[in-house]
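# Coordinate inspection notes
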Amino acid sequence: MENDWSKYRDKIVGLGEHSLRKSYYPELQEKIDKLEASQKNLQTIINSISDAIIIHDSSGCILSLNEHAKKLYNIGDNEIKQYTIHDITSPNQEGGDLSATWNNVLNNTPQVFEWLTLQINTNKELPVQVSINHTIWDGKPAIVAVVRDFTERKIFEQELILAKEKAEEANKLKTEFLHNLSHEVRTPMNGIIGFAEMLEDPDLSNEMRINYSKIVQNSSFQLLKIIDDILEISSLETKQIKVKKEEFCINSLLMALFSQYSVKSQERDIPIYIKKGLPQHQSKIISDKSKLAKILSNLLENAIKYTNEGFIEMGYRVENQTVVLYVKDTGIGISPENSDKIFERFSQEEKDMSRKYGGLGLGLSIAKENAKLLGGDIEIISEKGRGSVFYVSIPYEPSGNRVHDVSKSLWNKDEETQNKRYKILIAEDEEVNYLYIEALLEGNSKFNLIHAKNGKEAVDICMNDNSIDLVLMDIKMPVMNGHEATKRIKSKYPDLPVIAQTAYSTKLDKELALKHGCDDFLSKPLKKEVLLKLINAYLVTE
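Everything numeric in this text was worked out from a predicted model, so none of it was measured. (Residues numbered from 1 in each chain as written. Predicted model: local features only at pLDDT ≥ 70, side-chain atom pairs only at ≥ 80, totals over all residues. Heavy atoms only, no water.)

### Points about the sheet that holds strand E11 (residues 377–382)
In spatial order, the strands read E7-E9-E10-E12-E11; together these five strands make up an open sheet with mixed pairing. Of all the strands in the sheet, the pair left with one neighbour each is strand E7 (272–275) and E11. Strand-to-strand twist of the sheet, defined as the mean angle between neighbouring strand axes without regard to direction, takes the value 15°. (Pairing = 2+ DSSP bridges. Helix = DSSP H or I, 4+ residues; strand = E, 2+ residues; numbered from the N terminus. Axes fitted to C-alpha atoms, helices over the stretch in contact; angles between N-to-C directions.)

Here's what the structure looks like:
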């Protein structure tokens, strides 16, 4: 078309107005009109094409763009010739030199390929498919490129790849789950069948018969737990489980769990500690007690299973009308990139963990689903080799429609409340002993109790908090004993009362405690009257 128009261009130069040309050269004018109409129609067709069309010369300079190309590359009508094909090619495109490709096209060899193009001004990268061929523009060889935006297609392809990978992973998890299930079921079944047969031995002693019976019972409970987990995850998946709210004391729930799991933790020499966020008389809430207990039980089971040394701590606080419960351990930890994966069904961070530690990988999935049923969620903060903290958040619904001022909880007291209470530091490594002291002083609103798990922690607390009013110091503790801890505390706070408490009550023990700076001495087990009398002697509480 361009060649036809150029044939007549020279002939009509200087012919004057359109009317003159029409009068003297009617055939020529008719030819011109047809060419102009044809060119307009062609331009209209080109602009209506949904793909971008670019015409550029052999050096890459852009000669023309259709309307879609202008929008795609964010180029205005007056800017077209300012840019080259290199300006709209992403620097991240491998093999960005198109010289060889252009030479092939100019030699009548069309090319089709995918390309990473670049939008002008925004620098937005766009994946496109490019089809190029040669053409003639203003009588010179040129290249026409038809560019199709592949962004949505690439997104769809990526989604398909992810879906495929997820399906493959789900299939692997299913296979791994079936293998684990076989192992987990066979282990207790072997114990049940094997020791049940041995119980039939008439010559078996009573002592061995009792031991074997316990093994059969424990194996039965283990098998029952596996079946319960499978049934529960199925019920959760089909939305068959309903929330049954009731009033209960969250402090009592923690104490019950402590009593249940402290035996297991003691077998592994891993102490469990409790931190309560509300005093006993304010700790009644409305929620589903059984589901909350199941959530914390799963977290405690994992904490005990994956912790070889250190300690486990569970507790809660109330903030922004939310109860935030936590279970902290010093176990093997989890890599941050796997923190979401462990909540998926049948998943464990590493495949060989199921062989080493056992389990089906359902516990955390069940816990998360139950937390969502309660209107909350579970989060984890962990580091590989440095332990984990699981946080369970549920809505705070105090019983009796009383909304307590959470700023006055044991963790968040306002300054006025702080001034009205005596801060007592209890240094005690045995959680049962601390809970006993806490129970003895329960109900006395004048005491704010702080727990240190060893002598070093007691020293650190005192060094960073000059508002401690009295210290109850156990003598026999890990990391740092009570004698050394008292000596260090007294070096900075000689007037701070420190009362030794120990199971040893000989005269020598008392003298040794006093020698290291203790102001007084209490023998275990502590008596409430004696404890209160001694505290009153050092603190003006009346």
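Additional details are given in the paragraphs that follow.
### Focus: the packing of aromatic side chains
On inspection of all chains with the given rule, the structure shows four aromatic pairs. Ring centres of Phe 113 and Trp 115 lie 5.5 Å apart, and the angle between their planes is 75°; this geometry places the pair in the edge-to-face category. Across the pair, Trp 115 and Phe 113 agree in class, each one buried. Stacked on the ring of Phe 343, the Lys or Arg Lys 368 has its end atom at 4.7 Å from the ring centre. Directly above the aromatic system of Phe 311 lies the positively charged group of Lys 453, at a separation of 5.3 Å from the ring centroid. (Phe/Tyr/Trp six-rings, centres within 6.5 Å; stacked < 30°, edge-to-face > 60°. Buried < 20%, exposed > 50% of the residue type's maximum accessible area, 1.4 Å probe, protein only. Lys NZ or Arg CZ within 6 Å of the ring centre and 35° of its normal.)

### Quick look at unusual backbone geometry
A cis amide bond links Lys 524 with the next residue in sequence, Pro 525, at an omega value of 0°. Summarising the element assignment, Pro 525 is placed in the loop between strand E17 (520–523) and helix H17 (528–538). The residue Asn 74 is not glycine, and still its phi comes out positive at about 60°. One can find Asn 74 in the loop between helix H4 (67–73) and helix H5 (99–106). Taking relative accessible area as the criterion, Asn 74 reaches 35% and is therefore assigned partly exposed.

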